[in-house]
Each structure stands twice: as structure tokens, then as C-alpha cells.
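Structure at a glance
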Amino acid sequence: MFRALVLDQSTDGITADVADLDDDRLPDGEVTVDVEWSSLNYKDGLILKGLGRLVRDYPHVPGIDLAGTVTESADDRYHAGDRVVLTGWRVGETWWGGYASKARLKADWLSPLPAGLTTRQAMAVGTAGFTSMMAVDQLERHGLAAGDPVLVTGAAGGVGSTAVSLLARLGYEVTASTGRVDVEGDALRAIGATTVIDRSEIAGAPERPLLSERWAGAVDAVGSATLAHILAETRYGGAVAACGLAGGNDLPTSVVPFLLRGVTLYGIDSVMCPSERRAATWARLGEVLDTGALEAMTSEVGLGELPALAEEILAGRTRGRIVVDTSR
Ligand code: NDP
């Protein structure tokens, strides 16, 4: 038997209940994992609320992230006792995921737990933090280097707070944009933000195609008019990594920042990130991550608390990262 948060469809919408299930309910797969920790991401919020048609088959066990210990493996790469982490590959959407004490998965989807991280710390990173590391890597491949001014939007959220901490650790001059300056300003400075600005400063579509040059680069979790505004403020030859759509999935921009300032807009996708880049990203997280800063922005919940938190994360009211203890 294992414990899981089970979503089902009813005439009133999606129901979510913690239940004990027989092991034979687990999907087919080569590797069985005792899940110790999972996490809550924006996408988990959508899945828990039945939004975006991300889940087609019910009953369903959600949870797009998981970390734990292998108990059985039919694949040579993994053995009982190995510690593993999984983000992406649409686990938790099209496959039963991490909001359970047990999961059965394809070996190709797993990564070994990076040296120096516990399973809890790996889930404090989770999809959100993994995405931030991909974004920072992309900006560095573009040519950004320590000392450059970089903007992070949605800074008090999961992607944002991890990006602030990673960039600060790597020596960038980090400006954190948040809608919660009063409540989260000090915390953002404590994890490395040089400057904290109110998101209203960059929220509207830019009044002109080009504004004063402010950023060598940006990690954007918000999209929409905010992303358009940032593009207009990115300096000559700079780059923006588009990670999220917390503010909307449109992009009301012009081509002028691309043509007159040579600005580059990179798309970041963590879900289908190829295995080689995935391994490199986890390895770099193991090296660069400031685990103290991460912990300061992490809180812990049990499976039963997740349905109520779904609404909170979709409304942008949760803080930093939320790890899920699958044993409670
Ligand atoms: P969170 O809810 O933790 O963070 C989002 C933050 O964005 C909020 O905390 C808030 O920060 C800000 N925000 C919320 N609503 C608005 C709004 N209407 N306008 C402006 N800012 C807003 O979510 P995550 O960090 O988990 O995810 C952030 C985004 O990144 C989501 O859109 C998610 O889908 C996407 N994502 C994409 C991935 C990829 O592979 N590309 C992977 C992971 C996430 P504050 O209060 O500080 O302003």
C-alpha cells in the first residue's frame, strides 16, 4: 500500500483526497521509488484545480516533482538504495506523480541526486529552481558575466527567488521585481538582491518601443506587458530568458528592441529539457546553490494541505518554494 493525494472528476469539478492505494495501482515503469519529498509549483496549482486540460485521465495522482530512494529497478542505471530526483517529462500530468509515498517511473526520466544535496533540498529547488538555473546558464552562454545588472521578475515566487539567489551567488548585480516590496523586500535583499523594485514600475506595456537601457539581462517569470517592458529596457546586445506567464501568456511588444538594440529573447523549457543538459543543470545546481538562501525561502507542507494551496499559488500569494513531505 502507499499513500497519495488522488484527484478525481465529479459533477462539481475536481475532488482531491488523501487515500491509501494498492501498489498494483502504480503505472508500468522500470523504476519504483519511495518518494520522500515533492514540491508545489505554479503548474501543480493548475493541475490541482483541473485547469489547462493538463490532466486527461482520472483518477490521477499529481505532483510534477519528486525525490526519493529507489526500491526496485529493472534498468541497469539504477539500483535499490540509489537516491534520485525527477522534474518534468509531464510526470504529474500524463503519468502519476510525486504527491504520493511511492511512484513508478521510466528510468530515462530520472536523474541521480546531485552530490551535496539532500532529497529535501532537491525539492526545494524542484521544477521552479531547475528552470532558474537553466535561465541563468542561458544568459551566461549569451555572454553575461559577474557584475552585470540582471532583473528578476516575480521575485518572491519560486522561479524568481531561486533566480535571485543563484545570480547573487554568481556575482551579478541583481534587481528583484516584486508586487510585495513591503512584505518580501528584506527577505529578497537577504538572499542577494542588490535592489528591490515594485513590479508596477515595469508592469505596463512600454510607452515607447525603446526605453532607457537598464538591464544586461533578465529572468522573467511574468510574461505579457512586463516582458514587453523589460525588452524595451534591455541594453544593447543584452538577453532576456522568458520562463513564465504568471502575468499572462501574451507578448505585446514590437520588433524594435531586436532590430535596434540586438536584444535576444530566449525561451526556457524545463519539461522536455534533454537528458544531457538536465544532468549538467543539476550538477551546476549542486555547485552553485546557496542552500541557506534556499532554505530561507522554503516552507513545508503535507499532502492534505495542497488543495488549499493551489488557489494561493495561482493567485501569486505563496512565497518562495514549498516542499511537500509525502509522509504526512
Ligand atoms: P509562483 O507563483 O511561485 O511565482 C510567480 C510570481 O509571479 C508570484 O509569486 C508573483 O511574484 C508574480 N506574479 C503573480 N501574478 C502576477 C501578475 N498577475 N503580474 C505580475 N506578477 C505576478 O510560481 P512559479 O515560480 O512556480 O512559476 C512562475 C511562472 O513560471 C509560472 O508562469 C510557471 O508556469 C512558469 N514556469 C515555467 C517553467 C518552464 O519550464 N518554462 C518551469 C516552472 C515554472 P511577486 O509577488 O514577487 O511579484
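Quick summary incoming for the structure in this document. (Residues numbered from 1 in each chain as written. Predicted model: local features only at pLDDT ≥ 70, side-chain atom pairs only at ≥ 80, totals over all residues. Heavy atoms only, no water.)

This part covers the environment of Ser299. Inspection of the secondary structure puts Ser299 in strand S14 (residues 298-302). Here the alpha-carbon distance between Ser299 and Thr318, two residues 19 residues apart in the chain, equals 9.7 Å. (Helix = DSSP H or I, 4+ residues; strand = E, 2+ residues; numbered from the N terminus.)

This part is about the site of the ligand. As a matter of local geometry, the ligand sits amid 26 residues, with Val159, Thr178, Arg180, Arg199 and Ile268 nearest to it. Separating an oxygen atom of the ligand from a side-chain N or O atom of Arg199 is a distance of 2.8 Å. A distance of 3.0 Å is found between a nitrogen atom of the ligand and a backbone nitrogen or oxygen belonging to Cys243. Considering the ligand on its own, with 900 Å² of exposed area, one finds that the protein chains cover 86% of that surface. The set of elements that each furnish at least two residues to the shell around the ligand consists of helix H2 (119-142) and helix H3 (158-169). Looking at the shell around the ligand residue by residue, the classes come out as 11 nonpolar, 12 polar and three charged. (Near = heavy atom within 4 Å. Polar contact = N/O pair within 3.5 Å; in protein donor to acceptor, adjacent residues only side chain to side chain. Areas by Shrake-Rupley, 256 points an atom, 1.4 Å probe, with all protein chains shown as cover. Nonpolar A, V, L, I, M, F, W, Y, C, P; charged D, E, K, R; others polar.)

So, about the sheet that holds strand S13 (residues 264-267). On the basis of which strands lie adjacent, the open sheet formed by six strands has the order S10-S9-S8-S11-S12-S13 and parallel pairing. A strand with exactly one partner marks an edge of an open sheet, and here the two such strands are strand S10 (195-198) and S13. Averaged over all neighbouring strand pairs, the angle between strand axes comes to 20°, with direction disregarded. Taken together, the five bridges between strand S11 (residues 215-220) and strand S12 (residues 234-242) define a ladder with parallel strand orientation. Looking at S12, one finds that Gly217 is bridged to Ala239. The strands touched by H3 within the sheet are strand S8 (149-152), strand S9 (173-178) and S11, with S8 carrying the most contacts at an inclination of about 165°. Contacts from helix H4 (residues 181-190) reach S9 and S10, with the element oriented near 160° to S10. (Pairing = 2+ DSSP bridges. Axes fitted to C-alpha atoms, helices over the stretch in contact; angles between N-to-C directions. Contact = heavy atoms within 4.5 Å.)

The next subject is the packing of aromatic side chains. In total, this model carries two aromatic pairs according to the counting rule given. Plain terms: the ring middles of Trp95 and Trp109 are 4.9 Å apart, the flat faces sit at 90° to each other, and that makes the pair edge-to-face. Of this pair, Trp95 sits in the loop between strand S5 (83-87) and strand S6 (102-105) while Trp109 sits in the loop between S6 and strand S7 (111-112), and the two are 14 residues apart along the sequence. Note on Trp95: relative accessible area 16%, which makes it buried. For the cation-ring pair, Arg120 lies above Trp37, with the distance from its terminal atom to the ring centre recorded as 5.4 Å. (Phe/Tyr/Trp six-rings, centres within 6.5 Å; stacked < 30°, edge-to-face > 60°. Buried < 20%, exposed > 50% of the residue type's maximum accessible area, 1.4 Å probe, protein only. Lys NZ or Arg CZ within 6 Å of the ring centre and 35° of its normal.)

This paragraph deals with the pairing of S12. Each parallel crossover has a hand, and the one from S11 via helix H5 (residues 224-233) to S12 is right-handed. Looking at chain direction, S12 and S13 are connected through four bridges and run parallel. When the sheet's bridge partners are listed, Ala242 is paired in S13 with Gly267. (Right-handed = clockwise from strand over helix to strand, strands pointing away.)

Attention now moves to H3. With 12 residues, H3 extends 17 Å from end C-alpha to end C-alpha; this agrees with the ideal 16 Å at 1.5 Å per step. With 10 of 12 residues buried, H3 is to be regarded as a mostly interior element. Every buried residue belonging to H3 is among Gly158, Val159, Gly160, Ser161, Thr162, Ala163, Val164, Ser165, Leu166 and Leu167, and all of these are buried. One or two steps after H3, the chain reaches Gly171, where phi turns positive at roughly 95°. (Expected span 1.5 Å × (residues − 1).)

Once that is clear, we can look at helix H7 (residues 275-288). For H7, spanning 14 residues, the distance from its first C-alpha to its last is 20 Å, which sits close to the expected 20 Å at 1.5 Å a residue. All buried positions along H7 are accounted for by Arg278, Thr281, Trp282, Arg284, Leu285 and Val288. One side of H7 carries all its buried residues, which in axial view fall inside an arc of 165°. When the buried face of H7 is taken as reference, the exposed residues oriented beyond 90 degrees from it are Glu276 and Glu287. (Arc of directions from axis to C-beta.)

Our focus in this paragraph is the pattern of salt bridges. Applying the stated criterion across every chain, the model contains 23 salt bridges. In this structure, the salt-bridge partner of Arg77 is Asp75, at a minimum N-O distance of 2.9 Å. You can call Arg77 partly exposed: its relative accessible area is 48%. The partner of Glu233 in a salt bridge is Arg214, with the nearest N and O atoms 3.5 Å apart. Residue Glu233 is found in helix H5, and its partner Arg214 is found in the loop between S10 and S11; the two are separated by 19 residues along the sequence. Each of Arg120, Glu295, Glu300, Glu305, Asp325 and Arg328 takes part in one network of salt bridges that share partners. (Salt bridge = Lys/Arg side-chain N within 4 Å of Asp/Glu carboxyl O.)

Here we take up the layout of surface pockets. Quantified by volume, the largest pocket comes out at close to 1200 Å³. Counting only elements with at least two residues in the lining of the largest pocket, the list comes to helix H1 (42-48), H2, H3, S9, H5, helix H9 (306-314) and strand S15 (321-325). (1 Å grid on protein atoms, 1.4 Å probe; cavity = no way out; pocket = protein on both sides within 12 Å on 5 of 7 lines; lining within 4 Å. Points joined across faces, edges and corners; volume = space filled by probe spheres on them.)

Turning next to the packing of H2 against H7. Viewed as axis vectors pointing N to C, H2 and H7 meet at an angle of 105°, and their least axial separation amounts to 9 Å. Classified by the interaxial angle, the pair formed by H2 and H7 is roughly perpendicular. Contact residues: Ala122, Val125, Gly126, Gly129, Phe130, Met133, Met134, Asp137, Gln138, Glu140 and Arg141 in H2; Arg277, Arg278, Thr281, Trp282, Arg284 and Leu285 in H7. Of the residues belonging to the contact of H2 with H7, the class tally is seven nonpolar, four polar and six charged. (Parallel < 35°, antiparallel > 145°, perpendicular 65-115°, else oblique.)

Geometric values such as these leave the question of function open.
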